[in-house]
Amino acid sequence: MTDLIIIGAGPGGYKAAVYAARHGLKVTVFEDVHVGGTCLNVGCIPTKTYVHSATFAEATERQPQVVEALRGGIETLLSHPNITLIREKGVFINANTVSGVTAKHIIVATGSSAKMLPIPGADGQNVGSSTELLGLKELPKRLCIIGAGVIGMEFASVFQRFGSEVTVVEYLKECLPMVDGDIAKRLRKLLEKRGITFYMGAGVKSIDGSTVLFEQKGKEVSVEADYVLMATGRKPNVSPDFANAGFNYDERKGIAVDENFKTSVKGIYAIGDVNGRQMLAHAAEMQGIHVVNRILGIEDKIRFDFMPAAIFTEPEAACVGPTEDQLKEQGVPFECHKSFYRANGKALAMNETEGMVKLCCEPEEGKLLSAHVFGAHAADIVQEVTAYITLGATLRQLRETVHIHPTLSEVLIEVN
Ligand code: NAI
């Protein structure tokens, strides 16, 4: 007897399966590719292996080893006696049955895939998504990246360091639309100084062999490239058999869910990229845990409104909570406090002086609202602030917390 069916063993699906199994539920997991999903196989983990490799050759050699080791770890976790892993695509027969297995609860965690621009030449041999770029055996001499979102910026940063001549073409005026404008601009300027060429406010129209054509300020401009990375967003992985279950979904926006990730059909949930909410591995994981808690009748206080995120460029950028612009738009009164890496002893010792921290908090009580950081280990610094924000702490409480000296975290207590 199966209590819970999970379709997809990415970070959302496999974590939910292990958590449910440890709480005594009998779980059946369907996975037709590799366990670990996009994040482990062609996303976060391979890209971080690239970031932490000295050369392209070292990166391509280490990538399969790192991925294989982690995949082995997940397979071990999934060998729990309460879990049955079926290595095929889970297909909805009706609202309770997936490929012949019936259960009261079903979690859809099928993830997302790269969205390719529908422009002439997008199907060319030298054009691909981040998945194909990670499969290249030779470093492209000239790399053109379409889109200065998270994927575009991470690959621009690492391939420039490996020695590619990198050009980024972005439709909007600034990179990283979800990040604080000040931080995004500083990061772009730093990468520009390192030799990356950015064409901002430029919409790509077509690709003709090695020529990428785009329009900027009403003028036609072109860039020559040996490889073109399309990094213009991702789309939820929906499947026609979802119609057999009867829940609402949309090709573009994914599966519609409520605040508890329930679909429009009782007993069916959708977590991670496929619900189009927050396309982040850790968001998928926490959504899965929340759903299993609901099934088990356990109340939790996971704050999905404080979802930290990081961009693993060199240096990193990271944030939690609303940007200054968003706070202004929402009419929320706030104060902004800043500090800079160049005044931090550890940053100087590490020769990592490029960076800044911005903390937004309520004016009276000083309750922390958001943090935006750019600089070495920004993700770890934002993680610390995420804990304070989640617990409703104030800037004063953060300042009164003893910080180890010398550490980068001290930039937080050094804010003006
Ligand atoms: P994105 O939505 O972050 O950025 C896409 C960019 O492409 C936008 O800035 C957009 O203006 C631009 N664009 C669209 N059409 C264009 C055109 N015709 N010409 C020029 N520019 C154009 O999407 P991205 O970077 O592909 O990432 C996909 C998802 O994966 C995101 O939700 C992201 O959060 C997630 N992700 C997260 C990572 C992390 O947390 N470190 C790492 C990688 C991906």
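None of these values were measured; they are calculated from a predicted model.

This part covers the packing of aromatic side chains. Applying the stated criterion across every chain, the model contains 14 aromatic pairs. Between the aromatic rings of tyrosine 50 and phenylalanine 159, the centroid separation amounts to 6.2 Å while the plane-to-plane angle is 35 degrees, which identifies the pairing as tilted. With tyrosine 50 in helix H3 (residues 44-51) and phenylalanine 159 in helix H6 (residues 150-162), this residue pair connects regions lying 109 residues apart in the sequence. Residue classification places phenylalanine 159 among the buried positions, given a relative accessible area of 0%. Centre to centre, the rings of phenylalanine 242 and tyrosine 249 are 5.4 Å apart; their planes meet at 80 degrees, and the pair counts as edge-to-face. Residue phenylalanine 242 is classed as buried on the basis of its relative accessible area, which comes to 3%. The aromatic ring of phenylalanine 340 is capped on one face by arginine 342, whose charged end is 4.7 Å from the ring centroid.

Glancing now at the domain arrangement of the protein chain. What the domain assignment lists for the protein chain is domain 1 (4-113 + 234-296), domain 2 (127-230) and domain 3 (315-412). Here the C-alpha centroids of domain 1 and domain 3 sit 32 Å apart.

Residues Val27 and Val29 line one face of strand S2 (residues 27-30) and the alternating positions Thr28 and Phe30 line the opposite face, and both faces are buried. Crossover strand S1 (residues 4-7) to S2 through helix H1 (residues 11-22) is right-handed. In the sheet, S2 pairs with strand S3 (residues 83-86) via four bridges, with the strands oriented parallel. Residue pairing for S3: valine 27 is matched across the bridge by isoleucine 83.

Once that is clear, we can look at the site of the ligand. Inspection of the region around the ligand gives 24 residues, with Ile151, Glu154, Glu170, Gly233 and Ala310 positioned closest. Take valine 150: an N or O atom from its main chain is 3.2 Å from an oxygen atom of the ligand. Contact distances for the ligand include 2.6 Å between an oxygen atom and a side-chain N or O atom of glutamate 170. Relative to its unbound accessible area of 860 Å², the ligand is 78% covered by the protein chains. Put simply, the parts of the chain that give the shell around the ligand at least two residues each are H6 and strand S12 (202-208). No fewer than three residues from each of domain 1 (4-113 + 234-296) and domain 2 (127-230) sit in the shell around the ligand.

Reading the values: the criteria
- Residues numbered from 1 in each chain as written.
- Predicted model: local features only at pLDDT ≥ 70, side-chain atom pairs only at ≥ 80, totals over all residues.
- Heavy atoms only, no water.
- Phe/Tyr/Trp six-rings, centres within 6.5 Å; stacked < 30°, edge-to-face > 60°.
- Helix = DSSP H or I, 4+ residues; strand = E, 2+ residues; numbered from the N terminus.
- Buried < 20%, exposed > 50% of the residue type's maximum accessible area, 1.4 Å probe, protein only.
- Lys NZ or Arg CZ within 6 Å of the ring centre and 35° of its normal.
- Domains from an automatic or database assignment.
- Right-handed = clockwise from strand over helix to strand, strands pointing away.
- Pairing = 2+ DSSP bridges.
- Near = heavy atom within 4 Å.
- Polar contact = N/O pair within 3.5 Å; in protein donor to acceptor, adjacent residues only side chain to side chain.
- Areas by Shrake-Rupley, 256 points an atom, 1.4 Å probe, with all protein chains shown as cover.

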